[in-house]
Amino acid sequence: MAILVTGGLGYVGSHAVKLLVDRGEQVINLDDLSYGHVGAASGSEVVIGDIGDAGLLKSIFSKYTIDAVMHFAAFAAVGESVENPQKYYINNISKSIVLLQEMLAAGVKKMIFSSTAAVFGEPQVVPIPEDHPKDPTNPYGRSKLMLEEILSEYDHAYGLKWTALRYFNASGADPSGTIGEDHTPEHHLIPIVLDVALGKREKVSIFGTDWPTPDGTCVRDYVHVTDLANAHILALEALRSGASSNVYNMGNGSGYSVKEVITVAEEVTGKKIAAVPAERRAGDPARLVASSEKIKKELGWKPQFADLPTIISTAWEWHKNHPNGFGDK
Ligand code: UDP
């Protein structure tokens, strides 16, 4: 039995692929290379193509006996989703519906889905539990919430079992040093801050210094990408054992402001990081911090890299040793 991973050459997907391959799973890694890197394959069987290509999916499902799908392939930049929502709805919704259609046609009824903290919008309580009201502040978050709802209806109607893992801020790099974060263009805070430390950028812009938070900058819950990858393995095992569909928030339960991230990065790298105040970024909530008690209790998830200095240290090792990322873009 093989696992079909979509977007398995991207940041979080490639870390899950590595753990799957290390465990001896057969991994079919479908990626359109829009953001992925062939250098991130970790020995998986790469198929370059589109998750919206029904013919390609039919051929994959007929060639391999697929046990479950891990669905990472999506666009994930909050600001861009506000400027170009169509890109998000076509890719994250329409194409996912084609993927689901072909899964069902092939009788594949297990999916682990990459969801996001952005489904919540501005939180009413922090840390945020799974059943917190959902009111996304941007099309990216809305696209992920819609797919969660679609999955729930597909379970009811077709018996599709699914687990959504709602990532808060995925960060860091696999401790092996072989894979890490490499987006072009880069939108995320930690890699941008580390680019400044490397001298690749002059400064980081702080998107808003007048938010209703202790130091006026946005607060986020940074969770290590290898800890996220491990959660996918736990979710796969649970579905294989007959678990019902479920949703889990994935974070460390502690929030760090943009300014705090910069300070920790200065400590880790030993470099001064120039930062300048800038306009708020459209679509950003002020504060997102997860309660991940549910996945700890139900699936036994134990984060190994829970503190921010460790997370940034693993990211720094990757960026220092791979200043041009995978070197293919
Ligand atoms: N951010 C920032 N400057 C940047 C990139 C991000 O101030 O150059 C802020 C952003 O507004 C958010 C936080 O850093 O409050 C984390 O943003 P990121 O894009 O890394 O992740 P997101 O929270 O959007 O998933």
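Refer to the preceding data block for the structure.
Enquirer: Requested: an account of the environment of L189, with residues and values cited.
Expert: By the element assignment, L189 lies in helix α6 (residues 189–197). In sequence terms L189 and V82 are 107 residues apart; their C-alpha atoms lie 18 Å from each other. When residues no more than four places from it in sequence are discounted, the contact partners of L189 are V204, Y222, V258 and V261.

Enquirer: I'd love a proper account of the site of the ligand, names of residues and values included.
Expert: Near the ligand you find 16 residues, and of these L189, S205, R220, R281 and D284 are the closest. Within the backbone of F207, one N or O atom sits 2.9 Å away from an oxygen atom of the ligand. Against a free-state accessible area of 510 Å², the protein chains account for coverage of 91% of the ligand. Those elements that place two or more of their residues in the shell around the ligand are α6 and β8 (204–207). With 4 residues, β8 is the single largest residue contributor to the shell around the ligand. Residue classes in the shell around the ligand are distributed as 9 nonpolar, 4 polar and 3 charged.

Enquirer: So what's going on with the sheet that holds strand β6 (residues 161–167)? Which residues, and what values?
Expert: Read across the sheet, 7 strands follow the order β3-β2-β1-β4-β5-β6-β11 without closing on themselves; strand pairing throughout is parallel. Whereas interior strands pair on both sides, the edge strands pair on one side only; in this sheet they are β3 (45–48) and β11 (246–250). If you compare each strand with its neighbour and ignore which way they point, the axes differ by 20 degrees on average. Note that strand β2 (residues 26–31) and β3 share 4 bridges and pair parallel. Within β3, the position partnered with D31 by the bridge is I48. Where helix α1 (residues 11–22) meets the sheet, it contacts β1 (2–6), β2, β4 (66–71) and β6, and its direction lies at approximately 165 degrees from that of β2. The sheet contacts of helix α2 (residues 54–63) involve β1, β2, β3 and β4, and relative to β2 the element is tilted by about 175 degrees.

Thresholds applied
- Residues numbered from 1 in each chain as written.
- Predicted model: local features only at pLDDT ≥ 70, side-chain atom pairs only at ≥ 80, totals over all residues.
- Heavy atoms only, no water.
- Helix = DSSP H or I, 4+ residues; strand = E, 2+ residues; numbered from the N terminus.
- Contact = heavy atoms within 4.5 Å.
- Near = heavy atom within 4 Å.
- Polar contact = N/O pair within 3.5 Å; in protein donor to acceptor, adjacent residues only side chain to side chain.
- Areas by Shrake-Rupley, 256 points an atom, 1.4 Å probe, with all protein chains shown as cover.
- Nonpolar A, V, L, I, M, F, W, Y, C, P; charged D, E, K, R; others polar.
- Pairing = 2+ DSSP bridges.
- Axes fitted to C-alpha atoms, helices over the stretch in contact; angles between N-to-C directions.

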